[in-house]
Amino acid sequence: MLLSKCLLCLVLPFICLLEVQGRLSLPGLDAMLDIKDDQKETDDQKETETDDRCIGHNTIVQSVREKLMFHRKKILDEIEKVINELHTEINISFDEMELHLDNWDPRREPKNVIVQPFVESDPGAKPCDSHMECVEIWMCRNKTTDGNEAYTINLPSNYHPDACNYNQICCNIDDKLLTKPSFEPMLNMRDCGYRNEKGVQLSIDGIQHNEAQFGEFPWMTAILVRDDPLLLSIGGGSLIAPNVVLTAAHKVSNREAPTLIVRAGEWDQQTMQEIYDHQDIAVKRKILHNDFNGYINNIALLLLKESFMPSPHIAPICLPDANTVSDNARCFVTGWGKIPLNSNEYARILKKVTVPVLPHNRCIVKLRNALGANFNLDRSNMCAGGEKGVDSCAGDGGAPLVCPIQGKPNRYYQAGIVSWGIKCGLEDIPAAYTNVAYLLPWIIGELDQLRIDRNFYTA
């Protein structure tokens, strides 16, 4: 036993260094060091004759142990610090992950993204005077609208901890309205594909980060998942009928339908104070393509428990004809995902960017430059983008890519669904989208089985 203790004096430093955060489990270590009182007397008597073989070993062990425990704590503190830093820098979402291009596997299952807020502040903002109060711009009696009957707001205008939010003004207390202005109710949902280029009742002045106007893309929806008591955004979708949403299969494949909620009419994800309220409806059923495999046939339909109520800022997008070709068109993609070229900032307000659609063969060439000569793009995919700093990004998965309908001004059809990409906004590297026209027979077949009126999504 004495020899064991002597050896322990030599190897203990190395053992303690390895015993960091459970990397090495030595349940007997403490037992060897902390000898029970009732054993000490017997052991000490046996060791009296041979003390000269490991003089003062108990004192040495205790001293070494104290020093190692001190250093162990310092090491653990440093490790914890490093881990926290890595947690900040490493994004475990597939959508946000920097792909290792040599080993990239398009079948790899993506993860979901929790959208974070991004808000700029105006350091020059001042609080309201004593006889005034911050209210939403439409809640002040004497605030006039522009020539389009829309209220004008700035981004940001007065966002400051002690001042009004961007959609507020300093209003005389006597002019403050107690109830939100009412608008004439709509009996039917608007026809598909009409973009509200100047917004609905709100007009933004001073766009800085590709913000969309309020209600500009009335088909845009947010896919939410219940995480009591919260609702977390996991991606985007598009309304194609009052009770049906089109999205990417990879966003909902690992979710149970009862946990999903679709939000229509959303704009600023960090406030409930908008001129028209958003609407939330639970998902009744999800329908994934039978041949969905990673990013092949990456498409899904969400059947809702009820229909969205008609509203100026909520309407469906049109579906393309089977022979529609979007090559070389400049199209809009929208979402609340990451802002390209900025590693930590997500859109608080719905963003929009325009991207060029590439012909399939040209797309393959550009992606092979990044992914290798053996890469091939399945026909259920299309691609768009490749312009520096202009792109869909992490958190936009499932969102629509919409293109203008020729001969029908300000009317759009859905060409693609945000699917996957290599980083975001890299020059000459387009992003991949689910090809809606290619998968149109499947979409129409499923909608017909659900007895959805084709007029909802036909231009």
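The rules behind the values
Throughout, a residue's number is its position along its own chain's written sequence, starting from 1. The predicted origin of the model limits local features to residues at a pLDDT of at least 70 and limits the giving and counting of side-chain atom pairs to 80 or more, whereas totals for whole chains, interfaces and linings rest on all residues. Hydrogen atoms and water are omitted, and side-chain values are computed over all heavy atoms in the structure. Only DSSP runs of H or I covering at least 4 residues are called helices, and only runs of E covering at least 2 are called strands; the numbering of each starts at the N terminus. Relative accessibility decides the category of a residue: with a 1.4 Å probe and only protein chains considered, values under 20% of the type maximum give buried, values over 50% give exposed, and everything between is partly exposed. Contacts are residue-level and defined by heavy atoms, with any inter-residue pair within 4.5 Å sufficient. The accessible surface values rely on the Shrake-Rupley method and a 1.4 Å probe; as for residues, cover is taken only from the protein chains in view. Disulfides are defined as cysteine sulfur pairs within 2.5 Å. Paired strands, in this sense, are two strands between which DSSP finds at least two bridges. Every axis in this analysis is a line fitted to C-alpha atoms, fitted for helices over the stretch in contact. Angles between the N-to-C directions lie between 0 and 180 degrees. Every case where a carboxyl oxygen of Asp or Glu lies within 4 Å of a side-chain nitrogen of Lys or Arg is listed as a salt bridge. We count Lys and Arg on the positive side and Asp and Glu on the negative side, and we leave His and both chain ends out. Nitrogen and oxygen atoms within 3.5 Å of one another constitute a polar contact, given that in protein one can donate a hydrogen and the other can accept it, and given that sequence-neighbouring residues count only through two side-chain atoms. For Phe, Tyr and Trp, where Trp contributes only its six-membered ring, two rings pair if their centres lie within 6.5 Å, and the inter-plane angle classes them as stacked under 30 degrees, edge-to-face over 60, or tilted in between. What pLDDT conveys is the predictor's confidence in a given residue, as a value from 0 to 100.

### Overview of the overall build of the protein
(1) Moving on: Each helix and strand in the protein was counted, giving seven helices and 16 strands.
(2) Moving on: Residues classed as buried in the protein amount to 48% of the 459 residues present.
(3) Moving on: Here the contacts in the protein between residues at least 6 apart in sequence split such that 72% fall between residues at least 24 apart.
(4) Moving on: Split by element, the accessible area of the protein, about 23900 Å² in all, is 49% carbon and sulfur.

### Topic: the state of the cysteines
(1) Moving on: If you walk through the whole model with that rule in mind, you get six disulfides.
(2) Moving on: Through a disulfide, C192 is tied to C318; the S-S separation comes to 2.1 Å. Classification of the bridge connecting C192 and C318 rests on its S-S torsion, roughly 95 degrees, and on that basis the disulfide is right-handed. With a gap of 126 residues between them, C192 in the loop between β3 (168-172) and β4 (202-205) and C318 in the loop between β10 (300-304) and β11 (330-335) connect regions that are remote in the sequence.

### Some points on the sheet that holds strand β8 (residues 260-264)
(1) Moving on: With respect to topology, six strands assemble into a closed barrel ordered β5-β6-β7-β10-β9-β8, the strand pairing being antiparallel. Pairs of neighbouring strands in the sheet enclose a mean axial angle of 45 degrees, with direction left out of account.
(2) Moving on: Bridge count for strand β5 (residues 220-227) against β8 is five bridges, and the pairing is antiparallel. Bridged to I223 within β8 is V262.
(3) Moving on: Set on the sheet, helix α7 (residues 440-449) makes contact with β6 (230-241), β7 (244-247), β9 (279-288) and β10; between it and β10 the angle comes to about 20 degrees.

### Overview of unusual backbone geometry
(1) Moving on: One non-glycine residue, N328, adopts positive backbone phi at about 70 degrees.
(2) Moving on: Relative to the elements of secondary structure, N328 occurs in the loop between β10 and β11.
(3) Moving on: For N328, a relative accessible area of 54% corresponds to the exposed category.

### Thoughts on the pattern of salt bridges
(1) Moving on: Applying the stated criterion across every chain yields a total of ten salt bridges.
(2) Moving on: Where D448 meets R454, a salt bridge forms, and the shortest distance between an N and an O atom there is 2.5 Å.
(3) Moving on: Within this structure, R195, E216 and K352 form a network of salt bridges that share partners.

### With respect to the pairing of β9
(1) Moving on: One ladder, built from four bridges, connects β8 with β9; its direction is antiparallel. Note on β9: the bridge partner recorded for I261 is A282.
(2) Moving on: Looking at chain direction, β9 and β10 are connected through five bridges and run antiparallel. Directly across from K286, in β10, lies its bridge partner L302.

### Topic: the environment of W442
(1) Moving on: Locating W442 in the fold gives a position in helix α7.
(2) Moving on: Sequence-wise, W442 and I299 are 143 residues apart; in three dimensions their C-alpha atoms are separated by 9.6 Å.
(3) Moving on: Once residues lying within four places of it in the same chain are set aside, the contact partners of W442 are I287, L288, H289, N290, I299, A300 and L301.

### Digging into the side chain of D391
(1) Moving on: The topology assignment puts D391 in the loop between β13 (381-385) and β14 (400-404).
(2) Moving on: Of the side chains with opposite charge, K351 lies nearest to the buried D391, which makes no salt bridge, at 9.1 Å.
(3) Moving on: At 2.9 Å, the side chain of D391 and the backbone nitrogen of G425 are in polar contact.

### Regarding the sheet that holds β14
(1) Moving on: Sheet architecture is closed into a barrel: six strands sit in the order β11-β12-β13-β16-β15-β14, paired in antiparallel fashion. Pairwise comparison of adjacent strand axes, ignoring direction, gives a mean angle of 45 degrees for this sheet.
(2) Moving on: Two strands pair when backbone bridges link them, and β11 and strand β12 (residues 351-358) are joined in this way by six bridges, in the antiparallel orientation. From the neighbouring strand, T334 faces β12, where its bridge partner is K352.

### Considerations on the packing of aromatic side chains
(1) Moving on: Counted by the stated rule, this structure contains six aromatic pairs.
(2) Moving on: Residues F217 and W219 carry aromatic rings whose centres are separated by 5.9 Å and whose planes lie at 70 degrees to one another, so their mutual orientation is edge-to-face. Of the two residues, F217 and W219, both sit in the buried class.
(3) Moving on: An aromatic cluster is built from F217, W219, F332 and Y412, whose rings are joined through pairwise contacts.

### Observations concerning α7
Each α-helix turn comprises 3.6 residues. Residues three or four places apart therefore point the same way.
(1) Moving on: All of the buried residues along α7 are L440, W442, I443, I444, E446 and L447.
(2) Moving on: Contacts from the buried residues of α7 go to β6, β7, β9 and β10.
(3) Moving on: After α7 finishes, the residue R451 shows a positive phi value of roughly 60 degrees.

### Observations regarding the confidence of the model for the protein
(1) Moving on: Residues of the protein with pLDDT of at least 70 account for 70%, and the chain-wide mean is 77.
(2) Moving on: This stretch, residues 87-119, has a pLDDT under 50; its non-local contacts, to residues over four places away or in other chains, come to 75 contacts.

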